[in-house]
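One-letter residues, chain by chain:
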Amino acid sequence: MDLNDLVVTGVNASMLADNMIYLNGEINQDTAHEVFAFITQANLLPDADKPNRLVVFINTLGGCMESTMNMVGAIRASNIHVTTVATGACMSGGVMLAMSGDERYVDEYCNVMSHTLSTESPSNSKHADLKIWIANVKAHTKKMVAHYAEHTGLDPKLIKKELLPKNGEVYLTAQEAINYNLFDDFFTNFDQLK
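Residues numbered from 1 in each chain as written. Predicted model: local features only at pLDDT ≥ 70, side-chain atom pairs only at ≥ 80, totals over all residues. Heavy atoms only, no water.

S.K.: If you had to explain unusual backbone geometry to someone new, which residues and values would you point to?
M.R.: In this structure, Ser92 is a non-glycine residue whose phi angle is positive, near 55 degrees. With respect to the helices and strands, Ser92 occurs in the loop between strand E3 (81-91) and helix H4 (93-98). A positive phi angle is found at Asn181, which is not glycine, with a value near 65 degrees. Considering the arrangement of structural elements, one finds Asn181 in the loop between helix H7 (174-179) and strand E7 (185-186). Among the residues examined, Asn181 registers a relative accessible area of 32% and is labelled partly exposed. (Helix = DSSP H or I, 4+ residues; strand = E, 2+ residues; numbered from the N terminus. Buried < 20%, exposed > 50% of the residue type's maximum accessible area, 1.4 Å probe, protein only.)

Right, here's the structure in full:
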């Protein structure tokens, strides 16, 4: 199969041929589909055609948790090395996606923001519905803490206190994000992606 002949909804052949995709903007079902399809299609190529590495550039203010986890799942399942590069803004779900890479870079000017699950309570709900909603929020928060712990090696108590506090957002410089093991190093040169 020739990569130039391969076209998937949301993913064009040049993305696969270049082994790079650009998540730019809100994380939603559409952007998650593009990244998921990109990683999936590359992994389903015949072994002789598979690239050695996939690169996911990330510039996002965040978005949907379920869509974030869809992309994280694709990275986790990938048999191809995935490098993530955070540029511009890497916030909320963008941080969770970025830390999932096998190799994780951040531009020194990137604005990094971490926070616990942000959601609105359902309006006009019955008591039983609110209990289900609260249980769901707690389950998502537990998954987030476990994800941070797995990819940073940090203690869950420290993560809850300093990276996923109950009372707000945590803005980090790129250096601070590296110090918390959210990233491996600065992205300084495209030669790092060769």
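Having seen the structure, we can now continue with the description.
S.K.: Lay out the pairing of strand E1 (residues 20-24) in plain terms, naming residues and giving numbers.
M.R.: For a regular strand, side-chain orientation follows a simple rule: the groups alternate between the two sheet faces. With five bridges connecting them, E1 and strand E2 (residues 53-60) associate as parallel partners. When the bridges of E2 are listed, Leu23 appears paired with Ile58. Following the chain from E1 across helix H2 (residues 29-43) to the adjacent parallel E2, one finds a crossover that is right-handed. (Pairing = 2+ DSSP bridges. Right-handed = clockwise from strand over helix to strand, strands pointing away.)

S.K.: Give me the lowdown on the pattern of salt bridges, citing residues and values where you can.
M.R.: Oppositely charged side chains may form a pair once their charged atoms are brought near each other. Counting across every chain of the model gives five salt bridges. The shortest N-O distance in the salt bridge between Glu103 and Arg53 comes to 2.8 Å. You can see Glu103 sitting in strand E4 (residues 103-106) and its partner Arg53 sitting in strand E2, a full 50 residues away along the chain. Judged by relative accessible area, which is 16%, Arg53 ranks as buried. Here Asp184 ties to Arg104 by a salt bridge, and the two come within 2.9 Å at their closest N and O atoms. (Salt bridge = Lys/Arg side-chain N within 4 Å of Asp/Glu carboxyl O.)

S.K.: Residue-level account of a positive patch on the surface, with values.
M.R.: A surface patch of like charges, here positive, comprises Lys138, Lys157, Lys160 and Lys166. Locating Lys157 in the fold gives a position in helix H6 (residues 156-163). Note on Lys157: relative accessible area 69%, which makes it exposed. (Patch = residues over 30% accessible without salt bridge, like charges linked within 9 Å, V, L, I, M, F, W, Y side chains within 5 Å. Areas by Shrake-Rupley, 256 points an atom, 1.4 Å probe, with all protein chains shown as cover. Lys, Arg positive; Asp, Glu negative; His and termini not counted. Charge placed at Lys NZ, Arg CZ, Asp CG, Glu CD.)

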